[in-house]
Amino acid sequence: MASPMRSLFTDPDRYLQSFRLFLTNSTEHQCMREFMERQLPSVIASIGNGKSTINILSVGGGAGEIDLLILSKVQARYPGVTINNDVIEPSADQISKYKERVAETSNLENVKFTWHEETAYEYESRMNAEKKSKKWDFIHMIQMLYYVKDVPATIRYFHSLLEAQAKLFIILVSGASGWETLWKKYGSSFPLDDLCSYVSSADIKRILDSAGLKYQLHELPSHMDITSCFIEGNKDGELLLDFLTETCEFSKTAPPELKRQVMEELRKPECSEKREGKVLFNNNLSVIVIEP
């Protein structure tokens, strides 16, 4: 009998709902913000040297929260310099949120935004078709490499667009996170379609090493409160379970045995820790800064 489980990506509204709840329940953006405040300035210290214009490409920019923080750091390092900020983002809903955010943010006079409503692969295909290979001073791919069909090829392509002193900046889940444990064990039981694959910093390290690329790796501790997942019938808990398993309505459609095993796994110390009566899932992230 065919499994009734289907990928969360078949329901974009529910995906966004679960993603936004994940951001609310986790220190995801908090730990990224902390990194941007403390460490990004040294990462971008020489990307614009001697340039009157700095070109930044945001691949999978989402609703722009982190993008605007990155821009503020580039502006602080290179005051008054014109910045072209191109954004590749397939979700129209996320782009409109991004545009609202830009409209509400001051000090962006010297930044020119261009949004491309397409996937990274569509962008690459379009550029190749138009025989264009625009170079960039900073390219970032934050939490988006799960959504590309061919990770090594995507990294190779965007790396080939770097200027001489540019950086390719990647954030994704750490090989030392609860995601790694859960997905290495149960990923093959989840209904992943070709819209999404599980990849962590451990995989990216292997790809970069085999390509002989130079990079720095930073680990960012992060957690997500998944206590509500263990409350039967709790709406938030069900949405977070969907996000964890990338499955639409996981608690209603998963075979009982799989559900039992996943719930058990989520409580294990390899995935989560108990603190003050809460179950906190290990959401550690890695930042990878790749040299041209």
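Starting from 1, residues in each chain are numbered consecutively following that chain's sequence as written. The predicted origin of the model limits local features to residues at a pLDDT of at least 70 and limits the giving and counting of side-chain atom pairs to 80 or more, whereas totals for whole chains, interfaces and linings rest on all residues. The side-chain numbers reported here are obtained from all heavy atoms of the structure, hydrogens and water having been left aside.

By the naming in an unreviewed UniProt entry, the protein is Histamine N-methyltransferase, taken from Gavia stellata. UniProt positions are given in the numbering used here, feature names are shortened, and annotations may be inferred rather than shown by experiment. Regarding the protein, the relevant UniProt record gives this comment under Subunit (unreviewed entry): "Monomer."

K.L.:
Explain the UniProt feature "binding site: substrate" (unreviewed entry) in the protein to me, using residue names and the numbers behind them.
P.N.:
UniProt tags E28 and N283 as "binding site: substrate" (unreviewed entry). Spatially, the listed residues are clustered: although they cover 256 residues, their C-alpha atoms lie within 7.4 Å of one another. Helical segments are the DSSP runs of H or I of at least four residues, strand segments are the runs of E of at least two, and each set is numbered from the N terminus. Locating E28 in the fold gives a position in helix α2 (residues 28–38). Judged by its relative accessible area of 2%, E28 is buried. Beyond its immediate stretch of four places on either side in the chain, E28 contacts F22, L23, Q143, S222, N283 and L285. Looking at N283, the relative accessible area reads 0%, which means it is buried. For the exposure calls, accessible area comes from a 1.4 Å probe over protein chains only, and a residue counts as buried if that area is under 20% of its type's maximum, exposed if over 50%, partly exposed in between. The contact definition used throughout considers only heavy atoms, calling two residues in contact when any of these lie within 4.5 Å.

K.L.:
Can you lay out the sheet that holds strand β4 (residues 111–116) for me, pointing to particular residues and giving the numbers?
P.N.:
Should DSSP find at least two bridges between two strands, the strands are taken to pair. The seven strands lie next to each other as β4-β3-β2-β5-β6-β12-β7, forming an open sheet whose pairing is mixed. Each end of this open sheet is capped by a strand with a single partner; those strands are β4 and β7 (215–220). Each adjacent strand pair in this sheet contributes to an overall mean axis angle of 15°, direction not counted. Pairing of strand β5 (residues 136–142) with strand β6 (residues 162–173) involves six bridges; the strand directions are parallel. From the neighbouring strand, W136 faces β6, where its bridge partner is L162. The axes are straight lines fitted to the C-alpha atoms, using for helices just the contacting stretch, and the angles between their N-to-C directions are given from 0 to 180°.

K.L.:
Describe unusual backbone geometry, with residues and values.
P.N.:
The residue N107 is not glycine, and still its phi comes out positive at about 65°. Looking at where N107 falls in the secondary structure, it is placed in the loop between α5 (92–103) and β4. A relative accessible area of 51% places N107 in the exposed class. The backbone of K131 shows a phi angle near 55°, a positive value even though the residue is not glycine. Here K131 is to be found in the loop between α6 (120–129) and β5.

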